[in-house]
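# A look at the structure
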Amino acid sequence: MKVLKSIVFGLGLLVATACDNEFEEVNTNPNVPTQVSPDLLLAGVLRNTINDQVGEAWGIGNIVVQHTAKIQFVNEDRYLWGERNGVWNSVYGNMRNVQNIIDLATAAGQNNYLGVALIWKSWLFSLATDAYGDIPYTEATQAKSGGVYAPKYDTQEAVYTGILADLAKANDLLGTSNEVLAGDILFGGGAGSIARWKKLANSLRLRALMRISGKRNVAADLQAIVADRAKFPIMESNADNAALTYQPTAPNQWPLYGSRVGSFDEFRASKSLVDRLLAINDPRLPVFARPVERPSSAGKVEYVGVPNGLGDTPALNYNGGPQGVSRVGLPFACLVCSSPAPVPNVARGLVMTYAEVQFLLAEAREKNLISTGSAETYYLNGIRANMDYYKAIVPAEYGINVTPAADYFTQAGVAYTGTTQQKLEKIGTQKWVALLFNGLEGWFDWRRTGIPTVTPGPDNLNGNRVPVRYPYPQSEQALNGKNRAEAVTRQGTDDLNTAVWWDK
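Presented here is a report on the structure given in the accompanying data block. None of these values were measured; they are calculated from a predicted model.

Summing up its helical and strand segments, the protein chain has 18 helices and six strands in all. Taken against the 2.2 N^0.38 rule, which gives 23 Å for 504 residues, the C-alpha radius of gyration of the protein chain at 26 Å falls within 12% of a compact globule. Counting across all 504 residues of the protein chain, residues that qualify as buried make up 54%. For the protein chain, the proportion of contacts with a sequence separation of at least 24, taken over those separated by at least 6, is 76%. Looking at the protein chain as shown, the accessible area adds up to about 21400 Å², and 53% of this sits on carbon and sulfur atoms. Here the protein chain contributes 46 positively and 47 negatively charged side chains, and the mean placements of these two sets differ by 2 Å.

As structure tokens, then:
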């Protein structure tokens, strides 16, 4: 027995010694980094958040602003949204890594990464506040650093003050350090990417300033940007578009390419979009919609949109059924939604485009918020830029000619003529067209301007009102109930119809 105990003791000592001597070596995976760096975080943050906005465009953005309509399971089209956590989860889920980039870049003196992270922080928080109103902002990323697990809700006005300050800071920081932006899948990370990020920072400032222009005098800030392009560069052409290019093979294809045909084909082109484009013979119509499969006469190329807000049965049977209404355009289609299959990486993940910048400047000039340039020139530039954008990305095999007719710009519905209000309506309508599949931006901008007219459908379930915000996620009642309640008391009833600060 003594011998046996000695053997067991010796074996135990040997095992303990072996584990102590080799544990770190055996349990260290050489293929997994133990420290992160900004480049390892940036690509995932960009991809995840842009893809999330493609999903929001598909599920709500295009529906509520009437770019598309539904023919089956029409709850979203009738404003019966229920819980909408997409924006909230995307922003706050990804903000952890955005904050990590900010912290790492600050510590290492990597001002280029810091500038990019501030831009992305600003864009993400703008999505959240425009969707919900008052949101956790100043304390939102302090769980790890400060132990703040129930962050206060800042007013939307305070959030926008922070967004504008961070975008201005990003403009000042970019280019003041030497690191190359590895992980920059949006602009490529090459020599010219820093300049494009600066243009995005200042272009987003224009968007933010116009967003709050009904609540704050922003004329001086707008003019300062447009009057000094050397200090505050903005997008100058489609080459500056913040548009994520997808890959032709999985897993980084257009996010909707792998959709189920049944789910995808619930969505069709809307009557609002089709009728407006038909009225002005717009060459972008075949980009956004496909001809019906069963036209009114044999061989006729016919586009028919579905009215928004119909009940299930009227929507499914509109114009004789699904074959009598236009599917969503081929550039945005899924793998099994066409024969032959669409090219998997035609559409882009849009953050902001040169066309939008031109429309913002056209509106600002028409309202005399800036004195630089011509409103008509900005307006026409915006239309041409959006057409040229599609002309460049749509494959030749689709047979779509995105070239306007000779009289397109002189016809009454397009020519920059009329009263100030009529001109603003033309700017807003063309901007609405250009914002298709740009996340929720079309809805945000419509809420601000009321252009174009969006009329709830006959079977809407929201008292004939177009929604103007997302309700807060129900999880906030359990996880951050006190601060959420304070925000609701300050802002108003937590439902679809309570306008946010800049919309009141």
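The discussion continues.
Attention shifts here to the side chain of N94. Tracing the backbone shows N94 in helix α3 (residues 86–108). Residues contacting N94, with those up to four places away along its chain left out, are V45, N48, T49, D52 and N89.

Turning next to the pattern of salt bridges. Any two side chains of opposite charge can pair, so long as their charged atoms come close to each other. In total, this model carries 25 salt bridges according to the counting rule given. E76 is paired through a salt bridge with K70; the nearest N and O atoms lie 2.9 Å apart. Relative accessible area serves as the criterion here: at 3%, K70 is assigned to the buried category. Here R484 makes a salt bridge to D494, at a shortest N to O gap of 2.8 Å. Here D494 lies in the segment after α18 (481–491) and R484 lies in helix α18, a separation of ten residues in the sequence. With relative accessibility at 13%, the residue R484 sits in the buried group. In the salt-bridge network here, residues are joined through shared partners; they are D130, R207, R211, E356 and E441.

A few words on the packing of helix α2 (residues 38–64) against α3. At their nearest, the axes of α2 and α3 sit 10 Å apart, and the two run at 160 degrees to each other. As summarised for this structure, α2 and α3 are arranged roughly antiparallel, according to the angle between their axes. α3 is crossed by α2, and the crossing has left-handed handedness. Counting all contacts with α2, which are made through P38, L41, L42, V45, N48, T49, D52, Q53 and E56, the residues of α3 involved are G86, V87, S90, N94, N97, V98, N100, I101, L104 and A105. By residue class, the composition of the contact of α2 with α3 is nine nonpolar, eight polar and two charged.

Once that is clear, we can look at the environment of F444. Structurally, the position occupied by F444 is in helix α16 (residues 441–449). Taking the relative accessible area as the measure of exposure, F444 reaches 1% and is therefore buried. For F444 and V36, which are 408 residues apart along the polypeptide, the C-alpha to C-alpha distance reads 35 Å. Ignoring any residue separated from it by four or fewer positions in sequence, one finds F444 in contact with L127, D130, A131, R211 and W502.

The next thing to look at is the nonpolar core. Soluble, globular proteins show a tendency: their nonpolar side chains are buried together. Of all hydrophobic cores here, the largest spans 147 residues; its most connected members are W120, W197 and F332. Among the elements that make up this core, the one with the highest residue count is helix α4 (residues 111–132) (14 residues). With residues up to four places along the chain from it excluded, the contact list for W120 reads V45, L46, T49, I50, V98, L186, W197 and V351. By size, the runner-up hydrophobic cluster in this structure holds nine residues, among which are A69, V74, V306 and A315.

Attention now goes to helix α7 (residues 193–211). For α7, with 19 residues, the first-to-last C-alpha span of 27 Å sits near the 27 Å given by 1.5 Å per residue. Of all the 19 residues making up α7, 17 are buried; the element is thus mostly covered by neighbouring parts of the structure.

Thresholds applied
Residues numbered from 1 in each chain as written. Predicted model: local features only at pLDDT ≥ 70, side-chain atom pairs only at ≥ 80, totals over all residues. Heavy atoms only, no water. Helix = DSSP H or I, 4+ residues; strand = E, 2+ residues; numbered from the N terminus. Rg over C-alpha atoms; globule rule 2.2 N^0.38 Å. Buried < 20%, exposed > 50% of the residue type's maximum accessible area, 1.4 Å probe, protein only. Contact = heavy atoms within 4.5 Å. Areas by Shrake-Rupley, 256 points an atom, 1.4 Å probe, with all protein chains shown as cover. Lys, Arg positive; Asp, Glu negative; His and termini not counted. Charge placed at Lys NZ, Arg CZ, Asp CG, Glu CD. Salt bridge = Lys/Arg side-chain N within 4 Å of Asp/Glu carboxyl O. Axes fitted to C-alpha atoms, helices over the stretch in contact; angles between N-to-C directions. Parallel < 35°, antiparallel > 145°, perpendicular 65-115°, else oblique. Left-handed = near helix turned anticlockwise from the far one by under 90°. Nonpolar A, V, L, I, M, F, W, Y, C, P; charged D, E, K, R; others polar. Core = buried A, V, L, I, M, F, W, Y, C linked by side-chain atoms within 4.5 Å. Expected span 1.5 Å × (residues − 1).

Everything listed here is a matter of coordinates, which is why it stays silent on function.
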